[in-house]
Amino acid sequence: MTPERRLLRLASLGAALVAWQLLTSLDVELWLRFGQFPTVGEVAAKLAERASTGPYWQDLVSSLSRIVSGFALAAALGVAVGTAIARSRVAADVLGPVLEVLRPIPAIALVPVAILLFPSNEQGIVFITCTAAFFPVLVSTRHAVAALSPVWEEAVLTMGGGRGRILLSVVLPGALPGIFGGLSVGIGVGWICVISAEMISGEYGVGYRTWQDYTVVDYPGVFVGMATIGALGWLTSTAVERLGRRLTRWLPTRTERPSAGPPAATAAAARGANPRRPTPEPAVP
């Protein structure tokens, strides 16, 4: 990323904070009641106060451990099941109908199921997070694998390669861009559900602490929780996207440009010639 783009992004964030400070400090009420919100200064002071205590970091570590555990399980299961459904008719017929019935159910609605299934809230929250991230990864993997051209697979078969070789050399590398698209969506959905589950049945975590602040009408604390959730979500999604770019660096990017020199058609047009007709060579005497 160029320095100009970094500066533009910082300026965008700064402008949003300035607008927030002005709207809340001036008690602006244009249908929306900004006067009820804490100012940027109040939230920053509360964040500094929380960051100097142990419970804040304990909540942060708890939420991160839950999202990492649930997301890792969802990524492994989603890629495996999605590939199986796309490659095997038996798997599509056996697993497909069950998964399509379960997919529309919101993961947060599975809280009662998690309470009945698992002996601890910690395991239940990881289960809900895994379920939330699983389906985006599953669907993206299934479509990415199904969209692969059979030409490369036939080439491997012609050279004597087996199913394992096709899977490792053709299917998974070719489907990686689509898989990482699902992983990017899955990490965001996972954060939504882990925070919601912490609010409902958690004992520690950023979501639990944010809900506790709301119950005691500590609005600066609520906004500290929201800012923390946003920062954690941004960091984890950025990590997934960078890993995806590193593993798929063989793909062409929009920043790539053709080699130096004008294209042939442009050069021909500059000479005043018809770009579709080559310039005749001089006759050899």
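Residues numbered from 1 in each chain as written. Predicted model: local features only at pLDDT ≥ 70, side-chain atom pairs only at ≥ 80, totals over all residues. Heavy atoms only, no water.

Within the chain, the regular secondary structure consists of eleven helices and two strands. Its helices and strands in sequence order give the chain the pattern α-β-β-α-α-α-α-α-α-α-α-α-α, from N to C terminus. Across the 285 residues that make up the chain, the buried fraction comes to 33%. For the chain, the proportion of contacts with a sequence separation of at least 24, taken over those separated by at least 6, is 69%. Just so you have it, the chain exposes about 18300 Å², and 67% of that area is on carbon and sulfur atoms. (Helix = DSSP H or I, 4+ residues; strand = E, 2+ residues; numbered from the N terminus. Buried < 20%, exposed > 50% of the residue type's maximum accessible area, 1.4 Å probe, protein only. Contact = heavy atoms within 4.5 Å. Areas by Shrake-Rupley, 256 points an atom, 1.4 Å probe, with all protein chains shown as cover.)

A surface patch of nonpolar side chains, amounting to about 590 Å² of accessible area, comprises M199, I200, W211, Y214, V217 and Y219. Broken down by secondary-structure element, the contributors of at least two residues to the nonpolar patch are α8 (163-201) and α9 (206-215). By the secondary structure assignment, W211 is in helix α9. Looking at W211, the relative accessible area reads 39%, which means it is partly exposed. (Patch = residues over 30% accessible without salt bridge, like charges linked within 9 Å, V, L, I, M, F, W, Y side chains within 5 Å. Salt bridge = Lys/Arg side-chain N within 4 Å of Asp/Glu carboxyl O.)

So, on to the packing of aromatic side chains. Inspection of every chain in the model, using the stated rule, returns seven aromatic pairs. Between W20 and F223, the ring centres sit 5.7 Å apart and the planes meet at 40 degrees, which makes this aromatic pair tilted. With W20 in helix α1 (residues 3-25) and F223 in helix α10 (residues 219-247), the pair connects residues that are 203 residues apart, well separated along the chain. On the basis of relative accessible area, W20 is assigned to the partly exposed category, the value being 24%. For F223, a relative accessible area of 15% puts it in the buried group. With a centroid separation of 5.0 Å and an interplanar angle of 75 degrees, the aromatic rings of F134 and F135 are classed as edge-to-face. Overall, the relative accessible area of 12% leaves F135 in the buried class. (Phe/Tyr/Trp six-rings, centres within 6.5 Å; stacked < 30°, edge-to-face > 60°.)

Below, the discussion takes up the environment of G202. With respect to the helices and strands, G202 occurs in the loop between α8 and α9. Here G202 falls in the buried class, since its relative accessible area comes to 13%. Sequence spacing of G202 and S63 is 139 residues, and the spatial spacing of their C-alpha atoms is 10.0 Å. Setting aside its immediate chain neighbours within four residues, G202 contacts I125, A197 and Y208.

Below, the discussion takes up the side chain of T83. Among the secondary structure elements, T83 is positioned in helix α3 (residues 54-87). Using a relative accessible area of 9% as the deciding quantity, one classes T83 as buried. Not counting residues within four places of it along the chain, the set of residues in contact with T83 comprises T141, V145, L167, V171 and L172.

Moving on, we get to unusual backbone geometry. Phi angles above zero are rare outside glycine, and D27 is one such case at about 55 degrees. Examined against the element boundaries, D27 turns out to sit in the loop between α1 and β1 (29-30). The exposure class of D27 is partly exposed, given its relative accessible area of 48%. Despite not being glycine, V217 shows a phi value in the positive range, around 60 degrees. Within the secondary structure, V217 sits in the loop between α9 and α10. Using a relative accessible area of 52% as the deciding quantity, one classes V217 as exposed.

As a further point, take the nonpolar core. If you look at the biggest cluster of nonpolar residues, it comprises 45 residues, and the most contacted ones within it are L99, I128, F134, L138, L183 and W191. At the level of secondary structure, the elements contributing two or more residues to this core comprise α3, α5 (111-117), α6 (121-146), α8 and α10. If sequence neighbours within four positions are ignored, L99 has contacts with V81, I85, F134, F135 and L138. (Core = buried A, V, L, I, M, F, W, Y, C linked by side-chain atoms within 4.5 Å.)

Our focus in this paragraph is the packing of α3 against α9. The contact between α3 and α9 brings their axes to 7 Å, and the two run at 130 degrees. In terms of their interaxial angle, α3 and α9 are classed as oblique. Residues P55, D59, L60 and S63 of α3 form the contact with α9, whose participating residues are V206, G207 and R209. Here the contact of α3 with α9 is composed, by residue class, of three nonpolar, two polar and two charged. (Axes fitted to C-alpha atoms, helices over the stretch in contact; angles between N-to-C directions. Parallel < 35°, antiparallel > 145°, perpendicular 65-115°, else oblique. Nonpolar A, V, L, I, M, F, W, Y, C, P; charged D, E, K, R; others polar.)

The contact between α8 and α9 brings their axes to 7 Å, and the two run at 55 degrees. As judged from the angle between their axes, α8 and α9 are oblique. With respect to the hand of their crossing, α8 and α9 are arranged in right-handed fashion. Facing α8, whose interface residues are I195, E198 and M199, α9 presents V206, G207, Y208, T210 and W211. Residues that form the contact of α8 with α9 fall into these classes: five nonpolar, two polar and one charged. (Left-handed = near helix turned anticlockwise from the far one by under 90°.)

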